[in-house]
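Fold and geometry: a report
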Amino acid sequence: MKKLKKLTSLILSASMILGACSVVNAKDYSWDDINTKTGVYITDDGVSMLWSPIDGYVSRQNPPDFTWPYVNGALSYDFRICTRPYANDSKVYEKSGLTTNYHNLQNVLETGTQYYWFVRYNKADGSSSWSEPRKFRIDPDAHIFTVNDWDEVFGKIPSSHPRIFTTKESGTDYYYTLDEFKSIKDNTATGKAIFDHYFNQAKRYADANSIPDDPVDMEQKKADSVARGLNTQIVACSFSALIAEDSAERDKIVNHCIKALRAIATWNPKGMTSHKANDQVNREIMYKCAMAYDWLYHDLSADDRKAITDMLKTRWDIMGDFADKITKNPLDSHGWTILGYQGIVSYALCDDVPWAREKFREILPLYTAVLPPWSTQDGGWSQGTGYWKHGTNSNKEFIDVIQLSGLVSLYDKAWLKNEPIWLLYTNAVGSYGSFGDEGNTYVVENNPNTRQSMARHMFFNQSSLAARLANDQGGQNKSYLYNYYTAPAEDMEEDKNLIYPRGHHMQDLDWAIMSSDLADPNRVQFTFK
């Protein structure tokens with residue numbers, strides 16, 4: 001009898017400790033059920049949403065982003081953080097009924113504490129066991145990145161236009177009111193140069209009054225060129241109209257832009273500018289027309305607005321929802337970029353059409369948690385330095401829209417804080433770059449992608465290292481629209497000393513870089529992975 005009582009006591013104690021992983025529903029499921037149709041989603045190449053943070057991770061972001069594999073048929077997920085594996089009495093955070101396989105916290109965690117996180121999924125007829133506990137702790141110098149309640153975030157979206165980069169509304173968290181945004185051209189040399197570049201370009205387009213027809217029956221490269229040429233006209237004219245003062249010249253530019261928008265809205269979305277023909281051209285048409293729609297909203301007639309929004313919805317439906325795709329497989333180069341552009345489209349059209357707010361609500365939390373899919377927190381880019389040069393700016397177009405709106409401060413994420421470190425070691429002036437497409441092919445010098453990317457860090461993160469790296473390659477790009485709003489940082493003092501070790505380990509990528517001299521363009525550098 002004593003042995004039986006002792007055994008019963010042990011069982012009860014174990015039940016209390018392991019209560020977090022008990023399953024109360026009729027059918028048990030497991031994280032070991034790997035099936036693209038019925039269980040944990042994984043591609044034929046073995047790719048799924050990653051478990052992050054991985055077991056034993058030291059997070060340089062407080063709190064870290066949490067992601068886990070998508071499960072087919074899951075109705076919800078339950079998420080917990082404890083200071084002991086599974087133990088309910090050590091629980092510090094819990095969120096049940098999550099409908100996404102990613103999550104961000106609203107509050108910081110303590111440094112110096114060992115945490116464990118785990119998750120289970122729920123289906124109609126049962127729940128899974130809890131995942132294996134993954135331990136992590138917070139670095140004492142971690143960058144703070146918390147996210148407010150999403151209902152609060154989405155409640156900040158302005159009801160009026162414009163809302164891309166700026167707003168007419170007062171009392172918001174936007175960086176710039178419209179009057180302040182316009183004044184950048186009057187108060188900074190870079191802002192004036194960028195405005196002059198686009199305004200003069202727009203005047204030439206309006207004077208020429210040349211709008212191409214839908215490209216058909218031609219080589220694909222020619223069709224791409226035609227489409228991108230008209231996109232360039234639309235962006236130059238709509239941006240100029242946004243920040244120019246009222247005048248006959250502005251009116252002429254606006255009228256030409258509206259004609260261009262009317263024309264492109266009639267192009268065949270399944271033709272030579274379709275997602276299937278060239279996804280890059282299709283996505284450019286979508287997000288650039290959405291920005292023009294936002295900036296010219298009050299100049300457009302109701303019929304023009306409907307024609308543009310109908311065109312955007314048609315092209316969206318043909319290409320599909322990339323939020324759904326990225327939740328399953330974030331390692332999709334073009335897909336990740338498209339997700340950001342769909343974010344711009346849905347934000348520009350939010351509440352003007354029934355579907356846009358719902359799409360934006362799906363995209364922003366996903367983008368926030370997963371950014372970037374090519375690393376975690378070290379600032380790196382696993383595709384290599386060649387792809388980074390392109391991806392760093394295409395990523396930032398959506399990031400900047402969100403940052404300038406005050407919805408989520410994505411530049412506070414550890415990865416963005418550390419991105420200049422990546423550039424310093426892997427792709428600075430004199431470097432050939434490393435690994436991946438376009439790596440080791442040419443010497444880096446006066447690279448506009450680098451200048452444009454680092455200008456954002458100069459402005460949003462006040463990074464003197466970014467100022468040094470941008471200036472090494474020619475300073476802010478004075479013919480680049482996205483450096484207009486960063487122009488107030490044009491005179492930032494750069495880091496002249498570069499007091500950094502000559503060797504660096506990219507912890508998440510597991511790259512090791514050794515350099516003879518970080519400042520010498522003729523240095524000797526070795527990169528290993």
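As shown above, the structure is provided for reference.
Report follows, based on the coordinates. (Residues numbered from 1 in each chain as written. Predicted model: local features only at pLDDT ≥ 70, side-chain atom pairs only at ≥ 80, totals over all residues. Heavy atoms only, no water.)

Section: the overall build of the protein chain
From N to C terminus, the protein chain includes 15 helices and twelve strands. Radius of gyration (C-alpha) of the protein chain: 25 Å, near the 24 Å computed for a compact globule of 529 residues. In terms of overall dimensions, the protein chain has C-alpha extents of about 100 × 55 × 50 Å along its principal axes. Across the 529 residues in the protein chain, those meeting the buried criterion constitute 56%. Taking all contacts inside the protein chain whose residues are at least 6 apart in sequence as the whole, residues at least 24 apart take part in 72%. Total accessible area on the protein chain is roughly 22,600 Å²; 48% of this is exposed by carbon and sulfur atoms. (Helix = DSSP H or I, 4+ residues; strand = E, 2+ residues; numbered from the N terminus. Rg over C-alpha atoms; globule rule 2.2 N^0.38 Å. Buried < 20%, exposed > 50% of the residue type's maximum accessible area, 1.4 Å probe, protein only. Contact = heavy atoms within 4.5 Å. Areas by Shrake-Rupley, 256 points an atom, 1.4 Å probe, with all protein chains shown as cover.)

Quick notes on the pairing of strand β11 (residues 511-515)
Both faces of the sheet carry side chains from a regular strand, because those side chains alternate between them. Burial along β11 is one-sided: Trp511, Ile513 and Ser515 are buried, while Ala512 and Met514, pointing the other way, are not. Where strand β10 (residues 503-506) meets β11, four bridges bridge the pair, whose relative direction is antiparallel. Paired with glycine 503 across the bridge in β11 is methionine 514. If you look at the hairpin formed by β10 and β11, you'll find four residues sitting between the two strands, and aspartate 510 has a positive phi there, around 65 degrees. Sheet topology places β11 next to strand β12 (residues 525-528); four bridges connect them, and they run antiparallel. Bridge assignment links alanine 512 to a residue of β12, and that residue is phenylalanine 528. (Pairing = 2+ DSSP bridges.)

A closer look at the side chain of threonine 188
If you trace the backbone, threonine 188 turns up in the loop between α3 (178-187) and α4 (189-208). Reaching out from threonine 188, the side chain makes a polar contact with the backbone oxygen of isoleucine 184 at a distance of 2.9 Å. Among all residues touching threonine 188, those that are not within four sequence positions of it are Ala487, Pro488 and Glu490. (Polar contact = N/O pair within 3.5 Å; in protein donor to acceptor, adjacent residues only side chain to side chain.)

What about the environment of arginine 163?
Note on placement: arginine 163 falls in the loop between α2 (150-154) and α3. In this structure the C-alpha to C-alpha distance between arginine 163 and aspartate 294, which are 131 residues apart in sequence, comes to 6.9 Å.

Examining the nonpolar core
In summary, soluble globular proteins display a tendency toward joint burial of nonpolar side chains. Ranked by size, the top nonpolar core spans 125 residues in total, and within it Phe165 and Phe181 carry the most contacts. Top element by residues in this core is helix α5 (residues 220-243). It accounts for eleven residues. Those residues in contact with phenylalanine 181, other than ones at most four positions away along the chain, are Phe165, Thr166, Tyr176, Phe239, Leu242, Ile243, Tyr484 and Tyr485. (Core = buried A, V, L, I, M, F, W, Y, C linked by side-chain atoms within 4.5 Å.)

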